[in-house]
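Each chain, letter by letter, is given below.
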Amino acid sequence: MNRQLISSGSTFEAQIGYSRAVVAGPWVFVSGTTGFDYSTMTIADDVVAQAEQCLKNIEAALAQAGATLADVVRVTYVLPDAGEFEACWPVLRRCFGEVRPAAMMISAGLADPRMKIEIEVTALKG
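Residues numbered from 1 in each chain as written. Predicted model: local features only at pLDDT ≥ 70, side-chain atom pairs only at ≥ 80, totals over all residues. Heavy atoms only, no water.

Participant: Would you mind going over the pattern of salt bridges with me for this structure?
Facilitator: Opposite charge on two side chains lets them pair, provided their charged atoms get close. All told, the structure shown has three salt bridges when counted by the stated rule. Put simply, Glu13 and Arg20 hold a salt bridge, and the shortest N to O gap is 3.9 Å. In this pair, the class of Glu13 matches that of Arg20, namely buried. (Salt bridge = Lys/Arg side-chain N within 4 Å of Asp/Glu carboxyl O. Buried < 20%, exposed > 50% of the residue type's maximum accessible area, 1.4 Å probe, protein only.)

This is the structure we're talking about:
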């Protein structure tokens, strides 16, 4: 099976040893993605702005893999503060409202206290 590694250019990928996404046949596995703007390595203070940036980062990885948000079949959301999840719903609905992938939200600590949301997706290119 053909395997392609996709990088966002984040320094974390080399430091930790992972890829932003891995393409294996028709499947695209996008790693947990935070709201960092990887071009500037900055992150907004607001959870909604971070959710928007997460999805931009995921869209970029999917595009490199020849996929789109419409190909997403599974999504996992991780937030340190579960109470902030509802504020993100309009952003998530805009991206996934028609697609309606299987989903899960987990409340857990993230690696950096500035991070308010992390999103991981699996897509099936179709």
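Participant: Just checking my understanding: could you explain the environment of Ala49 for this structure?
Facilitator: Inspection of the secondary structure puts Ala49 in helix H2 (residues 47-64). By relative accessible area, Ala49 is classed as partly exposed at 31%. Residues Ala49 and Ile117 lie 68 residues apart in sequence; the distance between their C-alpha atoms is 9.9 Å. (Helix = DSSP H or I, 4+ residues; strand = E, 2+ residues; numbered from the N terminus.)

Participant: Help me understand a nonpolar patch on the surface in this model?
Facilitator: Together, Trp27, Phe29, Val73 and Leu124 give the surface a local cluster of nonpolar side chains, amounting to about 320 Å² of exposed area. Tracing the backbone shows Val73 in strand E6 (residues 72-79). (Patch = residues over 30% accessible without salt bridge, like charges linked within 9 Å, V, L, I, M, F, W, Y side chains within 5 Å. Areas by Shrake-Rupley, 256 points an atom, 1.4 Å probe, with all protein chains shown as cover.)

Participant: It is not clear to me how helix H3 (residues 85-96) should be interpreted in this structure. Could you clarify?
Facilitator: Quick reminder: α-helices carry 3.6 residues per turn. Residues three or four places apart thus point the same way. Of all the positions in H3, only Phe85, Cys88, Val91, Leu92, Cys95 and Phe96 are classed as buried. Down the axis of H3, the buried set is contained in an arc of 115°. They therefore lie on one face. Those residues of H3 that are exposed and aimed more than 90 degrees away from the buried face are Glu86, Arg93 and Arg94. The secondary structure elements touched by the buried residues of H3 are H2, E6, strand E7 (102-107) and strand E8 (118-124). (Arc of directions from axis to C-beta. Contact = heavy atoms within 4.5 Å.)

Participant: Help me understand the nonpolar core in this model?
Facilitator: For soluble globular proteins, nonpolar side chains are generally found buried alongside one another. By size, the foremost hydrophobic cluster in this structure holds 29 residues, and its most contacted members are Val28, Leu62, Phe96 and Ile119. Contributing elements (two or more residues each) for this core: strand E2 (21-24), strand E3 (27-34), H2, E6, H3 and E8. For this core, the leading source of residues is H2, giving seven residues. Contact partners of Val28, with chain neighbours within four places excluded, come to Ala21, Val22, Val23, Leu62, Ala65, Ala67, Val121, Thr122, Ala123 and Lys125. (Core = buried A, V, L, I, M, F, W, Y, C linked by side-chain atoms within 4.5 Å.)

Participant: Honestly, H2 in this entry has me stumped. Any pointers?
Facilitator: Taking 1.5 Å as the rise per residue, H2 with 18 residues should run 26 Å; its terminal C-alpha atoms sit 26 Å apart, in good agreement. Listed as buried for H2 are Val47, Gln50, Ala51, Gln53, Cys54, Leu55, Asn57, Ile58, Ala61 and Leu62. In this structure Asp46 caps H2, since a side-chain oxygen of it lies 3.1 Å from the backbone nitrogen of Val48. (Expected span 1.5 Å × (residues − 1). Polar contact = N/O pair within 3.5 Å; in protein donor to acceptor, adjacent residues only side chain to side chain.)

Participant: Looking at this structure, how should I read the packing of aromatic side chains?
Facilitator: For any pair of aromatic rings, the description consists of the separation of the ring centres together with the inter-plane angle of the planes. All told, the structure shown has three aromatic pairs when counted by the stated rule. Each ring, one from Trp27 and one from Phe29, has its centre 6.3 Å from the other, and the planes form 20°; the classification is stacked. Here the aromatic rings of Tyr77 and Phe85 are separated by 5.3 Å at their centres, their planes lie at 50°, and the arrangement is tilted. Phe85 carries the same exposure label as Tyr77, and that label is buried. (Phe/Tyr/Trp six-rings, centres within 6.5 Å; stacked < 30°, edge-to-face > 60°.)

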